[in-house]
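# Structure assessment
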Amino acid sequence: MVHDVLPCYLVCDVSFSMSDHIDEVNAGMREFRGVVHADRHATAQIRLCVVVFAESPLVVRPLLPALDPAEEITPREESGSDFGSAFTLVRTIIERDVHRLKTQRVRVRRPLLFFVSDGRATDPAWPAALARLTATTLCPEMVAFGLGAVDQQALGRIGSSRVFLGGDGVRLGIALASSVARTVLRPEHV
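Now for a quick tour of the structure. Predicted model, so just to flag it, every value in this text is computed and none were measured. (Residues numbered from 1 in each chain as written. Predicted model: local features only at pLDDT ≥ 70, side-chain atom pairs only at ≥ 80, totals over all residues. Heavy atoms only, no water.)

### Structural notes on the overall build of the chain
Helix and strand content of the chain: six helices and seven strands. Mapped from its N terminus to its C terminus, the chain presents α and β elements in the order β-α-α-β-β-α-β-β-α-β-α-β-α. A compact globule built from 190 residues should have a C-alpha radius of gyration of about 16 Å, and the chain, at 15 Å, falls within 12% of that. The C-alpha extent of the chain, read off along each of the three principal axes, is 45 × 35 × 25 Å. Residue burial in the chain is summarised as follows: out of 190 residues, 48% are buried. Sequence-distant contacts in the chain: of pairs separated by 6 or more residues, those separated by 24 or more amount to 75%. Carbon and sulfur atoms make up 54% of the accessible area of the chain, which amounts to about 8,800 Å² in all. Positive and negative side-chain charges in the chain, numbering 21 and 22 respectively, have mean positions lying 11 Å apart. (Helix = DSSP H or I, 4+ residues; strand = E, 2+ residues; numbered from the N terminus. Rg over C-alpha atoms; globule rule 2.2 N^0.38 Å. Buried < 20%, exposed > 50% of the residue type's maximum accessible area, 1.4 Å probe, protein only. Contact = heavy atoms within 4.5 Å. Areas by Shrake-Rupley, 256 points an atom, 1.4 Å probe, with all protein chains shown as cover. Lys, Arg positive; Asp, Glu negative; His and termini not counted. Charge placed at Lys NZ, Arg CZ, Asp CG, Glu CD.)

Rendered as structure tokens:
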């Protein structure tokens, strides 16, 4: 049976500047899981991968059904926020995951990348890595969620589809759920 799958990638900055906001990220992930649990159609369709980064990126949850519980994200005592290495890793992961999903005979929707950070990158070459990610045929829909003292210009470059600011009273779980809902309504497949 062929069905649609929406691969979602939550990419979260866990550097020192984000340490005061990690509890909000974990609460948002729990809230998002509750929203997915309430919708049987979404439960079957949505897959979630979680990547954290500071000075280097790390996959803390491979692409699994969104209803599966995720481990708590923990901050790192690293001052660097290397956006470029995070975008490079996510590009590789998306390519691998989409290929794997297609071998399972499912229709793969355009991936969604939900980027959580204050937008304060420490690697000046990150825009080139972002450009390589968004130039592929598997280019994800890019949504940014800013927490703390945000660099709105940087987040605006990343969140080419949409930018949310936690300081505006928007909760991460609701922003992620609404981004997924908007993506599901679009008939884009890869």
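### A closer look at the side chain of Arg61
Looking at the secondary structure, you find Arg61 in strand β3 (residues 57–65). Setting aside residues up to four positions removed in sequence, Arg61 forms contacts with Leu48, Cys49, Val50, Ala66, Asp68, Pro69 and Ala70.

### Describing the pattern of salt bridges
Evaluation of the coordinates by the stated rule reveals eight salt bridges. We note a salt bridge from Arg171 to Glu31, for which the minimum N-O separation is 2.3 Å. With Arg171 in the loop between β7 (162–165) and α6 (172–185) and Glu31 in helix α1 (residues 22–38), this pair connects stretches of sequence that are 140 residues apart. By relative accessible area, which is 49% here, Arg171 ends up partly exposed. Judged by its relative accessible area of 23%, Glu31 falls in the partly exposed class. As a salt-bridge pair, Asp97 and Arg100 come within 3.7 Å of each other at their nearest N and O atoms. (Salt bridge = Lys/Arg side-chain N within 4 Å of Asp/Glu carboxyl O.)

### Here we look at the pairing of β3
Along a regular strand, successive side chains alternate from one face of the sheet to the other. Here six bridges tie strand β2 (residues 46–53) to β3, and the two strands are oriented antiparallel to one another. Counted as the bridge partner of Val50 is Arg61 from β3. Following β2, the chain reverses through three residues before pairing antiparallel with β3. (Pairing = 2+ DSSP bridges.)

### Topic: unusual backbone geometry
One non-glycine residue, Arg105, lies in positive phi territory at about 60°. Along the chain, the position of Arg105 falls in the loop between α3 (83–103) and β4 (107–108). For Arg105, a relative accessible area of 62% corresponds to the exposed category.

### Quick look at the pairing of β7
Summarising the sheet, strand β6 (residues 141–146) and β7 pair through four bridges and their orientation is parallel. In the sheet register, Phe145 faces β7, and the bridge partner there is Phe164. Handedness of the crossover is the feature at issue here: the chain leaves β6, passes through helix α5 (residues 152–158), returns alongside β7, and the resulting connection is right-handed. (Right-handed = clockwise from strand over helix to strand, strands pointing away.)

### Some details on the environment of Leu112
Relative to the elements of secondary structure, Leu112 occurs in strand β5 (residues 112–117). Residue Leu112 is classed as buried on the basis of its relative accessible area of 0%. Along the chain, Leu112 and Phe83 lie 29 residues apart, while their C-alpha atoms are 17 Å from each other.

### Brief notes about the packing of aromatic side chains
By the definition in use, this model includes nine aromatic pairs. Aromatic pair Phe53 and Phe115: ring centres 5.6 Å apart, planes at 25°, arrangement stacked. Of the two residues, Phe53 sits in strand β2 while Phe115 sits in strand β5, which places them 62 residues apart along the sequence. Among the residues examined, Phe53 registers a relative accessible area of 0% and is labelled buried. What links up through ring pairs into an aromatic cluster is the set Phe53, Phe83, Phe87, Phe115 and Trp126. (Phe/Tyr/Trp six-rings, centres within 6.5 Å; stacked < 30°, edge-to-face > 60°.)

### A word on the layout of surface pockets
Considering only enclosed or pocket space, the largest pocket measures out at about 160 Å³ in volume. Considering the residues around the largest pocket, the lining is formed by Phe32, Val35, Val36, Asp39, His41, Ala42, Gln45, Ile46, Ala177, Val180, Ala181 and Val184. Of all the elements in the fold, those that place two or more residues in the lining of the largest pocket are α1, α2 (40–45) and α6. Among the elements that make up the lining of the largest pocket, the one with the highest residue count is α6 (four residues). (1 Å grid on protein atoms, 1.4 Å probe; cavity = no way out; pocket = protein on both sides within 12 Å on 5 of 7 lines; lining within 4 Å. Points joined across faces, edges and corners; volume = space filled by probe spheres on them.)

### Brief notes about the environment of Arg61
Owing to a relative accessible area of 4%, Arg61 belongs among the buried residues under this scheme. Each C-alpha atom of the pair Arg61 and Val51 lies 7.0 Å from the other, and the pair is 10 residues apart in sequence. A distance of 2.9 Å separates a polar side-chain atom of Arg61 from the backbone oxygen of Leu48. (Polar contact = N/O pair within 3.5 Å; in protein donor to acceptor, adjacent residues only side chain to side chain.)

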